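Examination of the molecular architecture
Residue strings, one per chain:
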Amino acid sequence: MEWNKKVAVITGAGGVLLSAYAKELASKGVKVAVLSRELKHAQHTADEIIAAGNTARAYGCDVLDKGNLIKTEEQIYKDFGQYHILINGAGGNMQNASTTNETFATNDLDDPKVRSFFSLDSNEIGRVFSVNFLGTLIVTQLFAKRMLGVKGAVIINFSSMAAQCPMTKVLGYSAAKAAIDNFTKWLAVYFAQQGVRVNAVAPGFFLTNQNKTLLTNPDGSLTERSHKIIGHTPMRRFGQVDDLFGTLSWLCDEDASGFVTGSVIAVDGGFQAYSGV
Ligand SMILES: NC(=O)c1ccc[n+]([C@@H]2O[C@H](COP(=O)([O-])OP(=O)(O)OC[C@H]3O[C@@H](n4cnc5c(N)ncnc54)[C@H](O)[C@@H]3O)[C@@H](O)[C@H]2O)c1
């Protein structure tokens, strides 16, 4: 594929995984529209790309703010012309959409320190669901229109290990990522006659901002949950950001994955394949 003829739009590109991949794509010659909720984070990624001699521009944009997204889409089209790659990376977990304990004990009901299934605030579930699922759906509605019929058009969503088998405690995030898997398949079928491929990656566990407090203690040591995760990962480590690059680039590249659509690709060190015994 002629990478230097492509333009990519990436949400969540102020965060750890997508900023790294934005830089990787730019280093191949792709022009990158770097979107992040806060402009300064997008700017930081874009500045690094530009400093490396490549092409990028930063846009501050909440993935749930339709009005701003419409303006941003128009601006990106003005700045770069036709875009071919859309990566829906914005997302993350929220503590208030999770229970305190892995399983329910009856005295949880009387303990004010415990957030049980019964005391979960449905608005908090709604918030995490919105950012992950609606943030993917709305951005796709507003950007995919210009991708219809465009050669090599591809959409990549961000799923998780929590989608196929929900993670303990994190009810809201697991449900939202399951919805992303379902949506990825639905949209792949819907756009199949338009030449737009739609796939998702499901990363295993990567130490980033969204899970920092879950995986590390304030002194930087690993939490009990981290040890549990590594024990369940046959490759016995967390992912490194560049572990994702090959899979993402393969999905972007119509010459390599032109017949791949509706797939969710796990990049997880074997986590999903391991039953635990
Ligand atoms: N880190 C992991 O282990 C892991 C595992 C599976 C899936 N993921 C997914 O990968 C993607 C990237 O996460 P990351 O690990 O780089 O985390 P991160 O927290 O570093 O980055 C997530 C980015 O999403 C942005 N974001 C959140 N809400 C937004 C909103 N409403 N509008 C615009 N931007 C918003 C954040 O500002 C942040 O820049 C996420 O979708 C995440 O759920 C991560």
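Refer to the structure printed above.
Residues numbered from 1 in each chain as written. Predicted model: local features only at pLDDT ≥ 70, side-chain atom pairs only at ≥ 80, totals over all residues. Heavy atoms only, no water.

**Re the site of the ligand**
- Inspection of the region around the ligand gives 29 residues, with Val16, Leu17, Tyr173, Phe206 and Thr208 positioned closest.
- Measuring from an oxygen atom of the ligand, one finds a side-chain N or O atom of Lys177 at 3.1 Å.
- Note that an oxygen atom of the ligand is positioned 3.4 Å from one of the backbone N or O atoms of Gly204.
- Put simply, the parts of the chain that give the shell around the ligand at least two residues each are helix H1 (16-27) and helix H6 (171-190).
- Residues that form the shell around the ligand fall into these classes: 12 nonpolar, 14 polar and three charged. (Near = heavy atom within 4 Å. Polar contact = N/O pair within 3.5 Å; in protein donor to acceptor, adjacent residues only side chain to side chain. Helix = DSSP H or I, 4+ residues; strand = E, 2+ residues; numbered from the N terminus. Nonpolar A, V, L, I, M, F, W, Y, C, P; charged D, E, K, R; others polar.)

**Considering the sheet that holds strand S2 (residues 31-36)**
- Ordered by their spatial adjacency, seven strands build an open sheet running S3-S2-S1-S4-S5-S6-S7, and the pairing between neighbours is parallel. Each edge of the open sheet carries a strand with a single partner, namely strand S3 (56-60) and strand S7 (264-267). In this sheet, adjacent strand axes meet at a mean angle of 20° when their direction is disregarded.
- The pairing of strand S1 (residues 7-11) with strand S4 (residues 85-88) spans four bridges and is classified as parallel. If you follow Ile10 over to S4, its bridge partner there is Ile87.
- Strands in contact with H6 are strand S5 (154-158), strand S6 (197-203) and S7; relative to S5, the strand with the most contacts, it is inclined by about 165°.
- Along the sheet, helix H9 (residues 245-252) contacts S4, S5, S6 and S7; its crossing angle with S6, the most-contacted strand, is approximately 175°. (Pairing = 2+ DSSP bridges. Axes fitted to C-alpha atoms, helices over the stretch in contact; angles between N-to-C directions. Contact = heavy atoms within 4.5 Å.)

**Describing the nonpolar core**
- If you look at the biggest cluster of nonpolar residues, it comprises 33 residues, and the most contacted ones within it are Ile10, Leu25, Val32, Val34, Ile87 and Phe158.
- Listed by contribution, the elements that provide at least two residues to this core are S1, H1, S2, helix H2 (39-51), S3, S4, S5 and H9.
- By residue number, the principal contributor to this core is H1, which donates seven residues.
- In terms of nonpolar packing, the next biggest core, distinct from the first, is built from 30 residues, Leu35, Phe133, Ile138 and Ile155 among them. (Core = buried A, V, L, I, M, F, W, Y, C linked by side-chain atoms within 4.5 Å. Buried < 20%, exposed > 50% of the residue type's maximum accessible area, 1.4 Å probe, protein only.)

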